[in-house]
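# Structural description and commentary
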Amino acid sequence: MLLLMPIPVVWSPETRRHEPMREVWVGVPTEGTELPERVDRIRDALVGHDAVEATPHDDDVLTRVHDPAYVDHLRTIHQEWSRGPYGDLVGQDRVVPYVFPTPAMTQGMPPTPAAATHGRAGDYCYDTMTLVGPGTWEAARAAVDCALTAVDLVKAGAPAAYALCRPPGHHATRRGYGGSCYLNNAAVAAQALRDAGHARVAIVDLDAHHGNGTQAIFWDRSDVRYASTHVDPGAGWFPHFFGHAGETGGAAGEGATLNVPLPEGTRDDHWLEAVARLADHASGADALVVSLGVDAAADDPESPLLVTADGYRSAGRLLGPSGLPSVVVQEGGYHLPSLGGLVAAYLDGHGGG
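A brief look at the structure comes next. (Residues numbered from 1 in each chain as written. Predicted model: local features only at pLDDT ≥ 70, side-chain atom pairs only at ≥ 80, totals over all residues. Heavy atoms only, no water.)

### Let's talk about the side chain of His49
Going by this rule: Only DSSP runs of H or I covering at least 4 residues are called helices, and only runs of E covering at least 2 are called strands; the numbering of each starts at the N terminus. Counted as a polar contact is a pair of N or O atoms within 3.5 Å, where, for protein atoms, one must be capable of donating a hydrogen and the other of accepting one, and residues adjacent in sequence contribute only when both atoms are in side chains. Here, two residues are considered to be in contact whenever any of their heavy atoms come within 4.5 Å of each other.
Along the chain, the position of His49 falls in the loop between helix H1 (37-45) and strand E4 (51-53). There is a polar contact of 2.6 Å between the side chain of His49 and the backbone oxygen of Ile7. Among residues more than four places away in sequence, those in contact with His49 are Pro6, Ile7, Val9 and Leu347.

### Topic: helix H11 (residues 309-319)
As a reminder of what qualifies: Relative accessibility thresholds used throughout: buried, under 20% of the residue-type maximum; exposed, over 50%; partly exposed, between the two (1.4 Å probe, protein chains only). By definition, the arc is the one covered by directions from the helix axis to the C-beta atoms.
Buried residues of H11: Gly311, Tyr312, Ala315, Gly316 and Leu319, and no others. Buried residues of H11 fall within an arc of 145° about the axis and therefore sit on the same side. Lining the buried residues of H11 we find strand E6 (201-205), helix H10 (268-282), strand E9 (287-292) and helix H12 (336-350). The backbone nitrogen of Asp310 lies 3.3 Å from a side-chain oxygen of the residue at the head of H11, namely Thr308.

### With respect to unusual backbone geometry
The peptide bond linking Arg166 to Pro167 adopts the cis configuration, its omega dihedral lying at 0°. In this fold, Pro167 is placed in the loop between strand E5 (160-163) and helix H8 (185-195). Of note, the bond from Phe238 into Pro239 is cis; its omega dihedral lies within 30 degrees of zero at 10°. Tracing the backbone shows Pro239 in the loop between strand E7 (224-231) and strand E8 (257-262).

### Section: the side chain of Glu34
Residue placement: Glu34 occurs in the loop between strand E3 (28-31) and H1. Glu34 gets classed as buried once you look at its relative accessible area, which sits at 3%. A polar side-chain atom of Glu34 sits 2.8 Å from a polar atom in the side chain of Arg38. When neighbours within four sequence positions are excluded, Glu34 is seen to be in contact with His18, Pro20, Arg166, Pro167, Pro168 and Tyr334.

### What to know about a nonpolar patch on the surface
For the record, the criterion: Each patch is built from salt-bridge-free residues with over 30% relative accessible area, joining like charges within 9 Å and nonpolar side chains (Val, Leu, Ile, Met, Phe, Trp, Tyr) within 5 Å. In this description, accessible areas are obtained by the Shrake-Rupley approach with a 1.4 Å probe, and a residue is regarded as covered only by the protein chains that are shown. The working definition used for a salt bridge is a side-chain nitrogen of Lys or Arg within 4 Å of a carboxyl oxygen of Asp or Glu.
Taken together, the side chains of Trp25, Val26 and Val28 present a nonpolar region at the surface, about 340 Å² in accessible area. Note on placement: Val26 falls in the loop between strand E2 (22-25) and E3.

### Topic: the packing of aromatic side chains
The geometry of an aromatic ring pair is captured by two quantities: the separation of the ring centres and the angle between the planes. The line we're drawing: Here is the rule: rings of Phe, Tyr and Trp (six-membered ring for Trp) pair when centre to centre is within 6.5 Å. Planes less than 30 degrees apart are stacked, more than 60 are edge-to-face, and the remainder are tilted.
Enumeration over the complete set of coordinates arrives at 5 aromatic pairs. Measuring from ring centre to ring centre gives 6.4 Å for Tyr70 and Tyr177, while their planes differ by 20°; the resulting arrangement is stacked. Of this pair, Tyr70 sits in helix H3 (residues 68-82) while Tyr177 sits in the loop between E5 and H8; the two residues are 107 residues apart in sequence, bridging distant segments of the chain. Taken as a pair, Tyr70 and Tyr177 share a single burial class, namely buried. Taken together, the aromatic side chains of Tyr70, Tyr124, Tyr177 and Tyr182 make up a single cluster linked through ring pairs.

### A word on the sheet that holds E6
To keep things clear, this is the line we draw: When DSSP finds two or more bridges between two strands, those strands count as paired. Comment: axis = line fitted to C-alpha atoms, over the contacting stretch for helices; angle = value between 0 and 180 degrees taken between N-to-C directions.
Judged by pairing direction, the sheet is parallel, and its 8 strands sit side by side in the order E4-E1-E5-E10-E9-E6-E7-E8 without closing on themselves. With one partner strand each, in any of the chains shown, E4 and E8 form the two edges of the open sheet. For this sheet, the mean inter-axis angle between neighbouring strands, taken without regard to orientation, is 20°. Relative to E7, E6 runs parallel, the two sharing 5 bridges. Each bridged residue has a counterpart across the sheet, and for Val201 the counterpart in E7 is Val224. Against the sheet, helix H7 (residues 136-155) makes contact with strand E1 (9-11), E4, E5 and strand E10 (326-330), and its axis sits at roughly 170° relative to E5, the strand it touches most.

### A few points about the environment of Pro111
Here Pro111 is to be found in the loop between helix H5 (103-106) and helix H6 (117-120). Judged by its relative accessible area of 56%, Pro111 falls in the exposed class. Residues Pro111 and Pro101 lie 10 residues apart in sequence; the distance between their C-alpha atoms is 8.0 Å.

### Things to note about H12
What counts, and what does not: Between the first and last residue of a helix there are one fewer steps than residues, each counted as 1.5 Å, and that sum is the expected span.
Between its first and last C-alpha atoms H12 spans 22 Å; for 15 residues at 1.5 Å apiece the expected length is 21 Å, and the two agree. Burial runs high along H12: 12 of the 15 residues are buried. Taken residue by residue, H12 has Leu336, Ser338, Leu339, Gly340, Leu342, Val343, Ala344, Ala345, Tyr346, Leu347, Gly349 and His350 as its buried positions. Those residues of H12 hidden inside the fold are in contact with H1, E5, E9, H11 and E10. Taken from the residues just after H12, Gly352 is the one with a positive phi, measuring 105°.

### Re the environment of Ala114
By the secondary structure assignment, Ala114 is in the loop between H5 and H6. On a C-alpha basis, the gap between Ala114 and Pro101 in space is 9.7 Å, while along the polypeptide they are 13 residues apart. Excluding residues within four positions of it along the chain, Ala114 makes contact with Gly119 and Arg120.

### Regarding the pattern of salt bridges
One pass over the structure, following the stated rule, counts 19 salt bridges. We note a salt bridge from Lys155 to Asp152, for which the minimum N-O separation is 4.0 Å. Of the two residues, Lys155 and Asp152 both sit in helix H7, 3 residues apart, roughly one turn of that helix. Judged by relative accessible area, Lys155 falls into the exposed class, the value being 53%. Bridged by salt links that share partners, the residues Asp59, Asp72, Arg75, Arg141 and Asp145 form one connected network.

### Examining the pairing of E10
For clarity, the cut-off: Here the term right-handed applies to a crossover when the path leading from its first strand over the helix to its second strand runs clockwise, the strands being oriented away from the viewer.
In terms of residue burial, E10 counts as a mostly covered element, since 5 of its 5 residues are buried. Across 4 bridges, E5 lies against E10 in parallel orientation. Its bridge partner being in E10, Ala161 is matched across the sheet by Val327. The pairing of E9 with E10 spans 5 bridges and is parallel. Residue pairing across strands places Leu288 opposite Ser326, the latter belonging to E10. As for the winding sense of the linkage, the β-α-β connection from E9 through H11 to E10 is right-handed.

Geometry only, nothing functional implied.
Here it is as structure tokens:
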């Protein structure tokens, strides 16, 4: 692959507006790690790349990837919560579900919508870790615009573009949020590339955790292939229920999904062997989306894996030479001192460096 110009970086100041403050894990409030400062740390490390501010897009692609009722819920639930008594009663200005209308409760019965806001708060959420605050919708929606603007650059002829999406998205399903993810930026990018005329799009997910939301959205489709390497959920890691090697897609999508789970403590060599398998799975596609989570790095507080900056650079060299029009979408990565350098290493490799 010939050395390319530095990959343009699409960002939006609005993505800083989401402030999770805390998570609730096994009933214990803990400090949030998906912080607004992530945006600035990444931007500071990518000073040699052209910065492009995201432009607004309508909801057309978004509401084909996500259920429109879910999008409306996420857009409005914090405003509704703020009108309720929760700040005065318990000092809680974030939306925190406490009850979830899962099949364990409904048992096939048609549920009546909950009258109380705190009852409806769990309609589209599947964990207690992913709080909705005063700027969550604005940040998540701006992240979608980052992904769509990156697609626009590729449509205009750029070989690749990087979307500095925050919050991340690959755990968001068609009808719900969790895992610090609200809207699925990678899925939106893949659908937009399909709409641009690419007959088959491949998504390669490098995050330390399986992108169950992306897998779910394209599970039954053959036109968008999904491949992920991540820590083995069978070892007790989020998302627990998905990401196993036997999950290969359903209906028309049978065989379009590839999962390569890895043991805790996996280092560069075996991780890169897995990335090479993902690259093979993407062969035959007309365009590529990379879900770039850098939380597989050894210093990351969420990391069960031990990937280095050289490992990420080598991963970029495995995926970039495909020559496919590429949109790289930011997912996880939470160690602020090393975060930007890891992203820069991957983009350098993808761009031919």
